[in-house]
Amino acid sequence: MEKLEMNLNRRTKLALIFLGVTLPVLSFGLFVGEINGKNISTDQVKESHSNKAMKLIVIDPGHGGNLPGAEGRISAEKDITLQVSLKLKEAIEKELPGVKAILTREKDVDVPFRERSEIANRNHADLFLSIHCNSADSDQRVKGKNGRYTTRTIRRPSVSGTETFVCGYNRLQRGESTVAMRENADILMEENYKENYGGFDPNNPSTYIIFSLLKRTYRDKSIRFASYIQDEYVRLGRENRGVQELSLAVLAFASMPAALTEIGFISNPDEENYMLSQKGQTEIVGNIVDAVKRYKTSSGM
């Protein structure tokens, strides 16, 4: 009898643990499925994006307003991403007849993560692309001789290259965790962010698993699009840091293939100057437009 009670207690504990993990995630998945008051099933989403021509791309200039993103020696991420995005919109509409592009912001303002992807959802976009600049710099708390702690910036100006992310969940390595936390950090500035993002805490890697249910539908197409972007960067001699899956809030709610591309390291003076230059921005825009063309052709759109 005593052994039976121990087994029952053990099973009860395991069941409670299972429910404690899965119910919040399932609730979050249902919460995300409600768009404009309607429950949208995975099958409905798949059907709505099959066998149709590409008509709309939503371009998301990262950060904005009082959230500058990463900062270089002479510029801020929010400014470079907006400049590139404005040029990208113009180039897409010029070089892809019948395809329209809209921006999540057209000036220096902050737009909450959820609203950025909702713009794409409301407009039934075929692609969602978020433009960002990377940084290898990090802040470190240092204890002084007087016993007080101060924050100093550790600079790594030699780190360079491009990388493109799709939304997914994996075991975060230290470097990947830093990228995810940096790109998701703007959530903390939003009111009621825990309610808006299903309890997600950008400072806690253990909560990143909630995004794993959100992007499986478009995973393959997102990876293909991201790979085309990286291929184009490499074709012009840019250093390739690859395509990676990462738990990124700005991509998680998009109901279409989506990617976030880091167009260079603003912490690297050479790459910062390149991203600020007319030549650099023209090449980056050309790379992305060519990637969109390849994706459009490969998808039969």
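Basis of the calculations
- Here the residue numbers are simple positions, counted from 1 along each chain's written sequence.
- The predicted origin of the model limits local features to residues at a pLDDT of at least 70 and limits the giving and counting of side-chain atom pairs to 80 or more, whereas totals for whole chains, interfaces and linings rest on all residues.
- With hydrogens and water set aside, each side-chain value is computed from the structure's full complement of heavy atoms.
- The rule is simple: take the accessible area with a 1.4 Å probe, protein chains only, and divide by the maximum for that residue type; under 20% is buried, over 50% is exposed, in between is partly exposed.
- A run of H or I in DSSP becomes a helix once it reaches four residues, and a run of E becomes a strand once it reaches two; helices and strands are each numbered from the N terminus.
- At least two bridges found by DSSP between two strands are what make those strands a pair.
- In a helix, the anticipated span is given by 1.5 Å times the number of residues less one.
- Throughout, a contact is declared for two residues whenever any of their heavy atoms are within 4.5 Å.
- Polar contact is the term for a pair of N or O atoms within 3.5 Å; when the atoms are in protein, one must be able to donate a hydrogen and the other to accept it, and sequence-neighboring residues count only if both atoms are side-chain atoms.
- Put simply, a salt bridge is a Lys or Arg side-chain nitrogen that is within 4 Å of an Asp or Glu carboxyl oxygen.

Peer 1: Hey, could you run me through the pairing of strand S3 (residues 56–61) in this one?
Peer 2: Strand residues, when the strand is regular, have side chains that alternate between the two faces of the sheet. Burial analysis of S3 places six of its six residues in the buried class, which makes it a mostly covered element. Burial along S3 is two-sided: Leu56, Val58 and Asp60 and Ile57, Ile59 and Pro61, pointing in opposite directions, are all buried. Looking at chain direction, S3 and strand S4 (residues 100–103) are connected through four bridges and run parallel. The residue bridging Ile59 from the neighbouring strand is Leu103, located in S4. As defined by bridge partners, S3 adjoins strand S5 (residues 127–134) across five bridges and the pair is classed as parallel.

Peer 1: It is not clear to me how helix H7 (residues 219–235) should be interpreted in this structure. Could you clarify?
Peer 2: Residues lying three or four places apart along an α-helix face the same way, a consequence of the helix completing one turn every 3.6 residues. An ideal rise of 1.5 Å per residue puts 24 Å on 17 residues; H7 measures up with 24 Å between its terminal C-alpha atoms. For H7, the set of buried residues is Ser222, Phe225, Ala226, Tyr228, Ile229, Gln230, Glu232 and Tyr233. Close packing links the buried residues of H7 with S5, strand S8 (162–167), strand S9 (240–246), strand S10 (258–265) and helix H10 (278–298). Gly237 sits one or two residues past H7 and shows a positive phi near 90°.

Peer 1: How should unusual backbone geometry be read in this particular structure?
Peer 2: Leave glycine aside and you will find that most residues have negative phi; peptide bonds, for their part, are mostly trans. Even without glycine at this site, His63 takes up a positive phi of about 65°. In this structure, His63 sits in the loop between S3 and helix H3 (77–95). Relative accessible area serves as the criterion here: at 4%, His63 is assigned to the buried category. The phi dihedral of His124 falls on the positive side, at around 55°, and the residue is not glycine. Along the chain, His124 falls in the loop between helix H4 (113–122) and S5.

Peer 1: What is the right way to look at H3 in this model?
Peer 2: Here H3 contains 19 residues, and its C-alpha end-to-end distance of 26 Å stays within 8% of the 27 Å for a straight helix at 1.5 Å per residue. Among the residues making up H3, those that are buried are Glu77, Lys78, Ile80, Thr81, Leu82, Val84, Ser85, Leu88, Lys89, Ala91 and Ile92.

Peer 1: What should I look at first to understand the environment of Glu77 in this one?
Peer 2: Here Glu77 shows up in helix H3. As for Glu77 and Ile131, which are separated by 54 residues in sequence, their C-alpha atoms are 9.6 Å apart. A distance of 3.2 Å separates a polar atom in the side chain of Glu77 from a polar atom in the side chain of His63.

Peer 1: Mind showing me how you'd approach the pattern of salt bridges here?
Peer 2: Two side chains with opposite charge may pair up if their charged atoms get near one another. One pass over the full model with this rule turns up 18 salt bridges. One salt bridge in this structure joins Asp137 and Arg73, with 3.9 Å as the shortest N-O distance. Placement of the pair is Asp137 in the loop between S5 and strand S6 (138–143) and Arg73 in the loop between S3 and H3, with a sequence separation of 64 residues. Here Glu93 and Lys89 are joined by a salt bridge, their closest N and O atoms 3.1 Å apart. You can see Glu93 and its partner Lys89 sitting in helix H3, four residues apart, about one turn around the helix.

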